[in-house]
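Fold and contact review
Now for the letters of each chain:
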There are 6 protein chains.
Amino acid sequence: MLTDLPLDQLESYRSSQTEPPDLDDFWAGTLAEAAGHDIGLRLSPVATGLTTIDTYDVTFRGYAGQDVRAWLRVPAGHPGPLPAVVQYVGYGGGRGHACENLFWASAGFAHLQMDTRGQGSGWSVGETPDPAPAGPQVPGVMTRGILDPASYYYRRLYTDAVRAVDAARSLPQVDADRVAVLGGSQGGGLAIAVAGLRADLAAAVAFVPFLCDFPRATRITDSYPYREIADYLKTHRESVERVHRTLGYFDGVNLARRAGAPALFSAALMDATCPPSTVYGAFHEYAGPRRMLLWEYNGHEGGGILDEVRALEFLREHLAA
Amino acid sequence: MLTDLPLDQLESYRSSQTEPPDLDDFWAGTLAEAAGHDIGLRLSPVATGLTTIDTYDVTFRGYAGQDVRAWLRVPAGHPGPLPAVVQYVGYGGGRGHACENLFWASAGFAHLQMDTRGQGSGWSVGETPDPAPAGPQVPGVMTRGILDPASYYYRRLYTDAVRAVDAARSLPQVDADRVAVLGGSQGGGLAIAVAGLRADLAAAVAFVPFLCDFPRATRITDSYPYREIADYLKTHRESVERVHRTLGYFDGVNLARRAGAPALFSAALMDATCPPSTVYGAFHEYAGPRRMLLWEYNGHEGGGILDEVRALEFLREHLAA
Amino acid sequence: MLTDLPLDQLESYRSSQTEPPDLDDFWAGTLAEAAGHDIGLRLSPVATGLTTIDTYDVTFRGYAGQDVRAWLRVPAGHPGPLPAVVQYVGYGGGRGHACENLFWASAGFAHLQMDTRGQGSGWSVGETPDPAPAGPQVPGVMTRGILDPASYYYRRLYTDAVRAVDAARSLPQVDADRVAVLGGSQGGGLAIAVAGLRADLAAAVAFVPFLCDFPRATRITDSYPYREIADYLKTHRESVERVHRTLGYFDGVNLARRAGAPALFSAALMDATCPPSTVYGAFHEYAGPRRMLLWEYNGHEGGGILDEVRALEFLREHLAA
Amino acid sequence: MLTDLPLDQLESYRSSQTEPPDLDDFWAGTLAEAAGHDIGLRLSPVATGLTTIDTYDVTFRGYAGQDVRAWLRVPAGHPGPLPAVVQYVGYGGGRGHACENLFWASAGFAHLQMDTRGQGSGWSVGETPDPAPAGPQVPGVMTRGILDPASYYYRRLYTDAVRAVDAARSLPQVDADRVAVLGGSQGGGLAIAVAGLRADLAAAVAFVPFLCDFPRATRITDSYPYREIADYLKTHRESVERVHRTLGYFDGVNLARRAGAPALFSAALMDATCPPSTVYGAFHEYAGPRRMLLWEYNGHEGGGILDEVRALEFLREHLAA
Amino acid sequence: MLTDLPLDQLESYRSSQTEPPDLDDFWAGTLAEAAGHDIGLRLSPVATGLTTIDTYDVTFRGYAGQDVRAWLRVPAGHPGPLPAVVQYVGYGGGRGHACENLFWASAGFAHLQMDTRGQGSGWSVGETPDPAPAGPQVPGVMTRGILDPASYYYRRLYTDAVRAVDAARSLPQVDADRVAVLGGSQGGGLAIAVAGLRADLAAAVAFVPFLCDFPRATRITDSYPYREIADYLKTHRESVERVHRTLGYFDGVNLARRAGAPALFSAALMDATCPPSTVYGAFHEYAGPRRMLLWEYNGHEGGGILDEVRALEFLREHLAA
Amino acid sequence: MLTDLPLDQLESYRSSQTEPPDLDDFWAGTLAEAAGHDIGLRLSPVATGLTTIDTYDVTFRGYAGQDVRAWLRVPAGHPGPLPAVVQYVGYGGGRGHACENLFWASAGFAHLQMDTRGQGSGWSVGETPDPAPAGPQVPGVMTRGILDPASYYYRRLYTDAVRAVDAARSLPQVDADRVAVLGGSQGGGLAIAVAGLRADLAAAVAFVPFLCDFPRATRITDSYPYREIADYLKTHRESVERVHRTLGYFDGVNLARRAGAPALFSAALMDATCPPSTVYGAFHEYAGPRRMLLWEYNGHEGGGILDEVRALEFLREHLAA
């Protein structure tokens, strides 16, 4: 059943999220610090047993110069330069196994799949730690360091995601002018954020994105992971305002306003994890060219493989791929 | 938590399933009838957008000469002959989208993924109907025609699965002496059944197989799809014996005794859908060389990608692939 | 709690369902084909052990001349002619056991309880098969053949229901001018459909009817069986329009507009299975005289025995019974 | 799935329940007190609209001479004397509506369906209050007055049930030598208790009986209503022994040892409400001739209509009915 | 997630509850009858092992002069007179253990915690029975005697609560001019009721109060205990009007209009047990000075310890404590 | 219902946990490192509004000299020296609010309630961070750093707990020879661990302790937090052995063998969170004098306030308090 507004109301819905006055300064400072560390790219080939795809175990320097892992998959023996897809993964997972997720390389792209710090134990594995102190928090990462934007978990992860683009552009197999970011759920939220934080992307793809429109999201769904924030505020009753202040720096609604790359979004009318109004909250603010794939009878699986197939068409168009 | 016996008891567990006296005649007659129809293989190339894999939409004749669909995926431009994997899919799903499931072709195999008649609407889509009358039944296919082995749904599906091997062996890209069957859950049950029903396979792989040890399975789990049978018997109280008589013709325990190809099984100690004792029930009867992958802390997802990676090693060994 | 609109909004709610232009032709053709088969009525007395009711096992020819079973119950030894109630049953069930459902015969009616093809395994048993091919579908019958009105399961069942009226009128014990149709849930949906498809009924009774107002029903509830349609569209994402086109031929909203017999409906404000707005969607369109029993604190059980007691009063009034 | 021991272990299972030394005195005193009140039988005909059954609203004096309601249903116009079935109803319900439960009268019996004091609001309605003080208790009646056998709710209800037999034997329509008691769940527990408390019954029928083998029942199931007792002991931690002492006076295991009438029991292997071992706990102690209907794939619905049909055969045999 | 209206709509929400014309007479008569019995206060010291608090087991006469238990806790050795808090407890519980709930005495108040008749077996224990006949009802006390205001359970409990104030004022340790009532959930509903029923209170505190705005509460939540009423009406379908008539005498909305003492309320936007609109329904009618603590991300736990800490500040202000 | 072995089998159950050969070295090194930092005790009085208890906000240095918070509560104005209870809290919570948990100070003890690093957001709040890198993990702390005993979260928390005893003994209000440790669930596991790690305790109290008998606990329950470990191993399939190696250093079974202080345990037969066999696994190994409170009908709430009251008696006996 519908978990949120019907379609006609989504068209006119606008998020109530507001912008912190120093939002741009906050991110400029954060990214400058990270850029002060050399990208430190390291690749080592992986014996996957696959014959049509070459796979590399990648390490680069992300937030505070900390090591972040990734997989690079390219069509076997292709000399490049190739158009590239930088993919971010969903909440709880990691970059997964080298033999998973063969779609983008099989379609002829250089595919850099970034690991997610400190997660990587839910639906897929990861190997990147989150070397940062954690204050009192509810289980998960949604409230790790949430009392201050400077210590919030997603400051580190968004920065990793931005640096992954630098890593991709540094790869010998990649044509640096044809780099797109892509992801679903948390990965979609990261794609929006990165689109808002850098100007050199060829395209951005966000399937059923998470991390958008926190004021509404934390009130209209009981599903995790948005609910982690509500769980936290349930005991930290006097921190409601402070928590929402922090979230303003990370909300896709605010970052979408800064984006320029052509973007493909998807949303699903029966999605309880990332309710469609929160996706539209960011979509309506997205400042670049934008298109929406709307799935009427889907939950958080969204368009599934059709989301990816449509994204392939979209990227072929925008990356001349 | 453990959903079944602990490991040491699984080692010594034996199924109480018994064999219908005319089991071999039943299947000999059934398969002879199907073989009386030409295999009627039709291939048409599919524009998937993938560059490393060539994909074909396949149709062949299965039970009663009825059309069954499949995907054939091969490494792009490879002349063959290739070793082949015939894959059967899990309950509720179908052959899925052409762009899904790229592992086996990416690993250099001809990969024939058979659609499942009348399912194909759950976790993945299909296009093959089940053109057969349906008596009163509970939702699903587990009790379709269950009062008689001749009308039982799985008579048709097992026959399709056997004929898919014929289809694979007829393909120009395939080396007919190096064909393996593989699947998970219902697909694993089909792989065991096919291994018991024909002698020309190079190997069989069954991940957390379904359709094994019905006398125990219908009593120790509340999970679907085994529970469909219990639901049926809940109202059809006087058909208990008759239903179990039918199931005897289809139980992996009975068919495993007739198998000869080297087999790789997997089982998971926390699997409520296909409890491990039911898998061991078939495994202990399997007459060919056999190996078990046991996952201690997994449910019905079993070994996930690791099951596939280990199966790749296993098939390289047995198919000289 | 309320599962839908409050009462005042139900009064003014109107369904958004639209009519296929060829709706009347579709049904005229379908029913003419069925009427081309002789009704083929067969009765055999059943030894139930009951002394106040005579029971017969009935077979007649329904859709495509296929055999449909029913029970006929009449007051023991009554010579007739009697007023008759043709009853259709709820989703998943069948005509049940001969000793169940004694109310209408005990009240002096000839009571013909039709079996439901291919169901009859849920809350009550049945014996009528559905001899038709089934395409890929989700478990249940809601999506069996749903891509085309010609192949949709309910085309066959609605036709059986229409023919059951012919069967009833052919019975020696029945006064053909005093035949009513009645049912709850799916049975109520069938009663509305039959009321829309034939002009010779004395009355129609639909308790908490199902099969009404599909555009809303598939979006506002998570309960089965409406949810089967949403489940199907979840994977068959590109068939949304086509599925709704099919449903238009079967929607009680559309068929109610063609009805003339006096009708008694019931609805319940806490019904999640057949939300009250969907019942009102059909009720407001019902073209004959109509009355609503509204239950404020009930779910899908509706008025329970009170629905039947009020229906008895209603039928005594309209059938001079 | 099985909720309890498998069948072979049920055959040899014996309850650990022990007998209070003054069990017989307790009940002799209790019943003598009740018998000191005139049975006070009052009948008034009810206009049900049914033509094959005559129905009466019955009141008689039960525990402490308090009024207890019942329905009497007899074949219309039958002069009697008839064999009689005294029926007790399941937990939470009451005697229901006059138009429900027509089976036994339609089969030619005088059918006295006793209301249940203070319940009658769950699955069926009632009108008999429980005019007794209630100590602290958990919701429901299982722990009402449980700290002392003298104040326990079931002392009153068991006494009502015994007096209902006196009421039935006093009815002009009834042959006093052919009275049976019957019920399901709580009704079955009452039937066993009454069979143990009086010697003049022609037969007893207990479908999936409740109120048996409390020491085991309160420990092996989480289902209500047994769980009410566990809920009570969860906070009244120091009353474990005292509560079990009270229950000893009411346990079907103890009362079955005193029974003499031929009995038909049913049990279901997948019953979580009244797990089969607790039924066998009473069955194995039952001192009269006994027979068990065992349902392998049923829950607490047991044999449903088949339980009743088999009971009809059983009662025809033992009541020469 | 929000379980009810958003905050801005709560501000303007008004309950649809109406007043029985004889509401004042009903309560005047009821309370006069109770006041006709001597308060019969009995105290006995309890050896708790605590050194900073003196505890007494208290008995007083409540409704119909029946004994009601309570705990009195005072700072050890304090001569008085002290300001007093009379506390009522939540649904299902009782006065609990003597060693629980030390906050108010530790803060320097005389703390009289009243037991709840016939409950005291859920989350905390009690020892006060409810010596009254119970008609047919659903488990719990919400529908005990609900067909008539004179027999309704809450008539007795509200009267006990009023008499507890008399008991407190009679205590030698208490300054009778500085008595407040306080409670959460059911206890909060009682506090509002008592505030409406007597004029001599210094203050009233109601955390997330229950027993308010029944017309809305019984329709917008599925949570117990409000749902007990819906459950009752589900089978007692013809008593809807009668039940609501009874509830009108007990609704906090109606009693709040009669209150004069300064009051502190709390409500929580994610409370499904006592949805915030029902709390606002009473709050907006409250005739004395009133203040609301609103918790944005809480369920029925409301403000937890913060509710109590704020209540302490509030009572220090109003009781000069 | 019973969640584990019945009582007689618990008496003879022994855990299969084994000891790492360097267990004593591991802890000696860890604690020596911590002891190398000055305890750094800081107290500041808190204005709670309570009059019978003086409360202090305490900070001391725990693992790696990192600051750990606590509350100190003492009877108001008491000069000391007092016997002391060091309390550890349950999983997810923190030291809570200053006004909560007044029992031990009201009973005349100095009560030091230690905060839990990085938790403090579940059922009660905390303020102590966990300043340590976190590898990939599932939500919660059970798998934080679990691949190595040196990085495991509980290495830090156990060390904090040991240092809290040093903090208590340093307090001017405390008699250093009369210090006990106490806690429930995680707090009970910490009490057992501390009892095994230091020799100067007067007593230890562990209610329904957690963190005991991991080999069994991770296999017999689906409840969190033990299930976090199973969740981790579900994706980190190849780390089973390594994870269990780490857990051996922290298992209460192993640490109990090193304890000498008199201990009071509690366990509950219906506890799914900390199943009773896992508690008995540690209890049977406990090397000091030991006593068990067994609750037959309780879940993880165990004995509730009765556990505390019995612990008060126990501590008065052993601390001459």
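Residues numbered from 1 in each chain as written. Chains lettered and ligands numbered in written order. Predicted model: local features only at pLDDT ≥ 70, side-chain atom pairs only at ≥ 80, totals over all residues. Heavy atoms only, no water.

This part is about the overall build of chain A. Counting its secondary structure elements, chain A contains eleven helices and nine strands. Across its three principal axes, chain A shows a C-alpha extent of roughly 55 × 45 × 30 Å. When burial is assessed residue by residue, chain A has 68% of its 321 residues classed as buried. Within chain A, counting contacts between residues at least 6 apart in sequence, those at least 24 apart form 74% of the total. Only carbon and sulfur atoms are counted for the fraction: they give 51% of the accessible area of chain A, which is about 9,600 Å². (Helix = DSSP H or I, 4+ residues; strand = E, 2+ residues; numbered from the N terminus. Buried < 20%, exposed > 50% of the residue type's maximum accessible area, 1.4 Å probe, protein only. Contact = heavy atoms within 4.5 Å. Areas by Shrake-Rupley, 256 points an atom, 1.4 Å probe, with all protein chains shown as cover.)

Mapping chain B onto chain D calls for a screw motion: a turn of 120 degrees about the axis and a shift of 0.0 Å along it, with 0.0 Å RMSD after fitting. The transformation relating the two chain copies, once decomposed into turn and shift, fits a three-fold axis. Proximity to the rotation axis, assessed at the C-alpha, singles out T3 of chain B in chain B; its C-alpha lies 7.8 Å from the axis. (Least-squares fit on C-alpha atoms with pLDDT ≥ 70 in both.)

Taken together, the 28 residues of chain A in the interface contact 28 residues of chain F. For the pair chain A and chain F, the summed buried surface comes to about 1,700 Å²; carbon and sulfur atoms form 57% of the total. If you sort the residues of chain A by the area they bury against chain F, S121, P136 and T235 of chain A come out on top, with a joint share of 30%. The interface formed by chain A and chain F holds zero salt bridges in total. The tally of links from chain A across to chain F stands at 15 residue pairs in polar contact (both at pLDDT 80 or more). Looking at the side of chain A that touches chain F residue by residue, the classes come out as eleven nonpolar, 13 polar and four charged. (Buried area = accessible area lost by both parts, 1.4 Å probe. Salt bridge = Lys/Arg side-chain N within 4 Å of Asp/Glu carboxyl O. Polar contact = N/O pair within 3.5 Å; in protein donor to acceptor, adjacent residues only side chain to side chain. Nonpolar A, V, L, I, M, F, W, Y, C, P; charged D, E, K, R; others polar.)

Time to look at the interface of chain B and chain D. Chain B puts twelve residues into the contact, and the matching count from chain D is 13 residues. Summed over both sides, the interface of chain B with chain D buries roughly 1,100 Å², with 53% coming from carbon and sulfur. Of all residues in chain B, the largest losses of buried area upon contact with chain D belong to R219, K234 and R237 of chain B, amounting jointly to 56% of the total for that side. Counting across the interface, chain B meets chain D through two salt bridges. At the boundary of chain B with chain D, the tally comes to ten residue pairs in polar contact (both at pLDDT 80 or more). Going through the elements one at a time, helix 6 (214-220), helix 7 (226-235) and helix 8 (240-248) of chain B are the ones with two or more residues in the side of chain B that touches chain D.

Now for the arrangement of the chains. Separating chain B from chain E is a minimum C-alpha gap of 26 Å, and the two share no contact. No interface is formed between chain C and chain F, the nearest pair of C-alpha atoms being 26 Å apart.

Residue and element names in this part refer to chain D. One open sheet holds the nine strands; their spatial order is 1-2-3-5-4-6-7-8-9, and the pairing between them is mixed. For this open sheet the edge positions go to strand 1 (42-45) and strand 9 (290-295), each flanked by a neighbour on one side alone. The sheet shows a mean angle of 20 degrees between the axes of neighbouring strands, direction not considered. Along the sheet, helix 5 (residues 186-197) contacts strand 4 (82-88), strand 6 (174-184), strand 7 (203-207) and strand 8 (263-268); its crossing angle with strand 6, the most-contacted strand, is approximately 135 degrees. (Pairing = 2+ DSSP bridges. Axes fitted to C-alpha atoms, helices over the stretch in contact; angles between N-to-C directions.)

What follows deals with the UniProt feature "binding site: substrate" (unreviewed entry) in chain A. All names here are of chain A. Per the UniProt record, "binding site: substrate" (unreviewed entry) is annotated on Y91. Of note, Y91 is situated in the loop between strand 4 (82-88) and helix 3 (103-106). Accessibility expressed as a relative area gives 18% for Y91, which makes it buried. Other than its neighbours up to four places away in sequence, Y91 contacts Q119, W123, G140, V141, M142, Y154, Q186, F210, P225 and E228. (UniProt positions renumbered as here; feature names shortened; annotations may be inferred.)

Extensive coverage of helix 7 (residues 226-235) of chain C is indicated by the burial of eight of its ten residues. All of the buried residues along helix 7 of chain C are Y226, E228, I229, A230, D231, Y232, L233 and T235 of chain C.

Placing chain A over chain F gives an RMSD of 0.0 Å and needs a rotation angle of 180 degrees, together with 0.0 Å of translation along the axis. One copy is carried onto the other by what is essentially a two-fold rotation axis. Measuring from the rotation axis to each C-alpha of chain A, the shortest distance belongs to P139 of chain A, at 2.2 Å. Of the residues that chain A buries at the interface, 100% are likewise interface residues in chain F, meaning the two copies contact each other through the same surface.

Here we take up the packing of helix 7 (residues 226-235) of chain A against helix 8 (residues 240-248) of chain A. Residue and element names in this part refer to chain A. Where helix 7 contacts helix 8, the axes come no closer than 10 Å and their chain directions differ by 150 degrees. One element, helix 7, and the other, helix 8, form an angle in the roughly antiparallel class. Where helix 7 approaches helix 8, its residues I229, Y232 and L233 are matched on the opposing element by V240, V243 and L247. In terms of residue class, the contact of helix 7 with helix 8 is built from six nonpolar, no polar and no charged. (Parallel < 35°, antiparallel > 145°, perpendicular 65-115°, else oblique.)

Let us look at the sheet that holds strand 8 (residues 263-268) of chain C. All names here are of chain C. On the basis of which strands lie adjacent, the open sheet formed by nine strands has the order 1-2-3-5-4-6-7-8-9 and mixed pairing. Among the strands making up the open sheet, the edge pair consists of strand 1 (42-45) and strand 9 (290-295). On average, adjacent strands in this sheet sit at an angle of 20 degrees to one another, irrespective of strand direction. Here strand 4 (residues 82-88) pairs with strand 5 (residues 110-114) via four bridges, running parallel. Its bridge partner being in strand 5, Q87 is matched across the sheet by Q113.

Residue and element names in this part refer to chain A. This chain's UniProt record puts "active site" (unreviewed entry) on S185, D271 and H300. A compact arrangement is adopted by the annotated residues: their sequence extent is 116 residues, whereas the largest C-alpha distance between any two is 10.9 Å. Mapping S185 onto the fold places it in the loop between strand 6 (174-184) and helix 5 (186-197). Relative accessible area serves as the criterion here: at 12%, S185 is assigned to the buried category. Apart from the residues lying within four places of it in its own chain, the contact partners of S185 are F207, V208, P209, F210, C274 and H300. Tracing the chain through its elements places D271 in the loop between strand 8 (263-268) and helix 10 (276-283). Excluding anything up to four places from it in sequence, D271 contacts T3, V208, P276, N298, G299 and H300. Among the polar contacts made by the side chain of D271, one reaches the main-chain amide nitrogen of C274 at a distance of 3.0 Å.

All right, on to unusual backbone geometry then. All names here are of chain A. Residue P81 is reached from G80 by a cis peptide bond, and omega for that bond is 0 degrees. Positionally, P81 belongs in the loop between strand 3 (67-75) and strand 4. Notably, N101 is not glycine yet its phi reads approximately 60 degrees, a positive angle. Inspection of the secondary structure assignment puts N101 in the loop between strand 4 and helix 3. With a relative accessible area of 25%, N101 lands in the partly exposed category.

For G252 of chain B, the position within the fold is in helix 9 (residues 252-256). Once the C-alpha coordinates of G252 of chain B and V68 of chain B are considered, the two residues, 184 residues apart in sequence, prove to be 23 Å apart.

Let's shift gears to the confidence of the model for chain A. Across chain A, the average pLDDT comes to 97, with 100% of residues at or above 70. Scoring the predicted complex yields pTM 0.97 and, for the interface, ipTM 0.96. (pLDDT = per-residue confidence, 0-100.)

Note on strand geometry: in a regular strand, side chains alternate between the two faces of the sheet. Residues and elements named next belong to chain D. Burial runs high along strand 2 (residues 53-61): seven of the nine residues are buried. Pairing analysis gives four bridges linking strand 1 to strand 2, with the strands arranged antiparallel. The partner of R42 across the bridge, within strand 2, is T59. Direction of pairing for strand 2 relative to strand 3 (residues 67-75): antiparallel, over a ladder of nine bridges. Considered in strand 3, the bridge of T55 is made with R73. The antiparallel hairpin formed by strand 2 and strand 3 contains five residues in its connecting segment, where A64 sits at a positive phi of about 55 degrees.

Our next topic: the pattern of salt bridges. Residues and elements named next belong to chain A. Evaluated as defined, the whole model comprises 143 salt bridges over all chains. Its salt-bridge partner being D57, residue R69 comes within 2.8 Å of it at the nearest N-O pair. Of this pair, R69 sits in strand 3 while D57 sits in strand 2 (residues 53-61), placing them twelve residues apart in sequence. A relative accessible area of 21% means that R69 is categorised as partly exposed. Where R117 meets D130, a salt bridge forms, and the shortest distance between an N and an O atom there is 3.0 Å. Of this pair, R117 sits in the loop between strand 5 (110-114) and helix 4 (153-170) while D130 sits in the loop between strand 5 and helix 4, placing them 13 residues apart in sequence. We classify D130 as buried; its relative accessible area is 0%. One salt-bridge network, held together by shared partners, links E19, D24, R257, R258 and E285.

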